[in-house]
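If you want the building blocks of each chain, they are given just below.
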Amino acid sequence: MTLTPSGQRFYQHALQLHGRAREFEQKILGERNEVAGEIAVACFESLAPLYAPALIASFQREFPGVMVRLDVGAQERIIQGLRSGAYDVAICYSQGLPKSISQVGLLPDLYPHAILPMGHRLAGSGPVSLSMLTEDPFILLDIWPSNEYFLSLFKDAGLNPKIAYHAPSLELVRGLVGQGLGFSLLVTEPVNNTTFDGKEVISLPLSDRLAPSRIVMSWNGSSELTHTMRQFLRHCQAFVQIPKDAAAQRRETLAIVSAVSRAGVPRG
């Protein structure tokens, strides 16, 4: 069953009314300098597992009077929800956001890295270039705008990747790589290099000059941030950061792989 066109218009109108009622409540609370009420937060699907749980928990410890309603989805759904008033704010990538959506960066520019299985011929070589990888099967994180972004990196370099798998989630990408089915490019980097099924992957920096990606807090540009939303934004700017263990994990893995390579021990 699907909504008729008139039903869809009614639904969108109801969302707008609900958003305005929530905004009115927040403005009254803001006049009393209270941080309370409900905020509706959306998070891009590949970012949510890494950032959302601890972010929401820490915010509610600081502001117990706020109920954070979380929704996780694709970029198209986030944009639609911000426009309709279903979401107050969203944590997502800046790629693909229209001009009507306001945004503030949460992290410095991020650059993609290559994900390889531990037994890959380049696993102990340090930084790699896209041209060194294009003969290998490529596993594409196939969710917009990530897919467009990663494919544009090859296009800008004049290269054509051999796409072997289209994976709809970050962990499936890592799992396929861990099984030796190809390599991938990712921006989001989990704390450890172990996949869901217990395999190991290695993350290597890319030596190419690549376009960066940016994680932002976004909201409908025609709406004013309430006092509670501004507090949530400030909390996100202070809290969201690349996991401290990720870079150390990458250096440690490189050291282990290099040592194994020098020793001549077969890698699995």
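Residues numbered from 1 in each chain as written. Predicted model: local features only at pLDDT ≥ 70, side-chain atom pairs only at ≥ 80, totals over all residues. Heavy atoms only, no water.

Engineer: I keep staring at the packing of aromatic side chains and nothing clicks. Help me out?
Structural biologist: The description of two aromatic rings rests on the distance between their centres and on the angle between their planes. The final tally for this structure, using the stated rule, is six aromatic pairs. Aromatic pair Phe59 and Phe63: ring centres 5.0 Å apart, planes at 50°, arrangement tilted. Residue Phe59 is classed as buried on the basis of its relative accessible area of 0%. Using a relative accessible area of 14% as the deciding quantity, one classes Phe63 as buried. Between Phe59 and Phe232 the ring centres are 5.0 Å apart and the planes differ by 90°, which places this aromatic pair in the edge-to-face class. Pair noted here: Phe59 is in helix 2 (residues 48-62) and Phe232 is in helix 6 (residues 227-239), with a separation of 173 residues, a long-range link. Accessibility expressed as a relative area gives 0% for Phe232, which makes it buried. Three or more aromatic residues link up through ring pairs in this structure, and these residues are Phe59, Phe63 and Phe232. (Phe/Tyr/Trp six-rings, centres within 6.5 Å; stacked < 30°, edge-to-face > 60°. Buried < 20%, exposed > 50% of the residue type's maximum accessible area, 1.4 Å probe, protein only. Helix = DSSP H or I, 4+ residues; strand = E, 2+ residues; numbered from the N terminus.)

Engineer: Is there a simple way to think about the pairing of strand 2 (residues 66-73) in this case?
Structural biologist: In the case of a regular strand, side chains alternate between the two sheet surfaces. Where strand 1 (residues 37-44) and strand 2 come together, eight bridges link them in parallel fashion. Considered in strand 2, the bridge of Glu38 is made with Met67. Traced from strand 1 through helix 2 to strand 2, the parallel crossover comes out right-handed. (Pairing = 2+ DSSP bridges. Right-handed = clockwise from strand over helix to strand, strands pointing away.)

Engineer: Looking at this model, I keep getting lost on the pairing of strand 10 (residues 215-220). Mind explaining?
Structural biologist: Summarising burial for strand 10: six of the six residues are buried, a large majority. Sheet analysis places strand 4 (residues 101-105) next to strand 10, joined by five bridges and oriented antiparallel. Directly across from Gln103, in strand 10, lies its bridge partner Ser218.

Engineer: What should I look at first to understand the confidence of the model for the chain in this one?
Structural biologist: When pLDDT is low, close inspection of the predicted coordinates is not appropriate. Chain-level pLDDT for the chain is 84 on average; 79% of the residues reach the 70-or-more range. Contacts from residues 245-268, a stretch scored under 50 in pLDDT, to residues over four places away or in other chains number 33 contacts. (pLDDT = per-residue confidence, 0-100. Contact = heavy atoms within 4.5 Å.)

Engineer: Hey, could you run me through the nonpolar core in this one?
Structural biologist: Soluble globular proteins tend to pack their nonpolar side chains together in the buried interior. Ranked by size, the top nonpolar core spans 74 residues in total, and within it Ile91, Leu185, Ile215, Met217 and Phe232 carry the most contacts. The contacts of Leu185, once residues within four sequence positions are left out, are His113, Ala114, Leu130, Phe138, Phe150, Leu153, Phe154 and Leu206. (Core = buried A, V, L, I, M, F, W, Y, C linked by side-chain atoms within 4.5 Å.)

Engineer: Explain the side chain of Thr188 to me, please; I cannot follow it from the model alone.
Structural biologist: Mapped onto the secondary structure, Thr188 falls in the loop between strand 8 (184-186) and strand 9 (201-205). If we skip the residues at most four places from it in the chain, Thr188 touches Ser46, Leu47, Leu50, Tyr93, His113 and Leu170.

Engineer: What is the right way to look at the sheet that holds strand 1 in this model?
Structural biologist: Strand pairing in a sheet is mediated by backbone hydrogen bonds. Such pairs are either parallel or antiparallel. Spatially, five strands are ordered 2-1-3-10-4 in an open sheet, and the strand pairing comes out mixed. One side of each edge strand has no neighbouring strand; the edge strands of this open sheet are strand 2 and strand 4. Pairs of neighbouring strands in the sheet enclose a mean axial angle of 25°, with direction left out of account. The strands that helix 3 (residues 75-84) touches are strand 1, strand 2, strand 3 (89-93), strand 4 and strand 10; relative to strand 3, the one it contacts most, it runs at about 150°. (Axes fitted to C-alpha atoms, helices over the stretch in contact; angles between N-to-C directions.)

Engineer: I keep staring at helix 4 (residues 146-156) and nothing clicks. Help me out?
Structural biologist: Since one α-helical turn is 3.6 residues long, residues separated by three or four positions face the same way. Looking at helix 4, one finds that the buried residues are Ser146, Asn147, Tyr149, Phe150, Leu153 and Phe154. Against strand 1, strand 6 (137-141) and strand 8 lie the buried residues of helix 4.

Engineer: What's the story with helix 3 in this structure? I'm lost.
Structural biologist: Along helix 3, the residues that are buried comprise Gln75, Ile78, Ile79, Gly81, Leu82 and Ser84. With its phi angle positive at about 95°, Gly85 sits one or two positions after the end of helix 3.

Engineer: Looking at this structure, I do not really get the sheet that holds strand 5 (residues 113-117). What am I missing?
Structural biologist: What the three strands build is an open sheet, ordered 8-5-9; its pairing is antiparallel. Of all strands in the sheet, those bounded by a partner on one side alone are strand 8 and strand 9. The average undirected angle you get between the axes of adjacent strands in this sheet is 35°. In the sheet, strand 5 pairs with strand 9 via five bridges, with the strands oriented antiparallel. When the sheet's bridge partners are listed, Pro117 is paired in strand 9 with Val201. Each of strand 5, strand 8 and strand 9 touches helix 5 (residues 170-178); the most contacted strand, strand 8, lies at about 145° to it.

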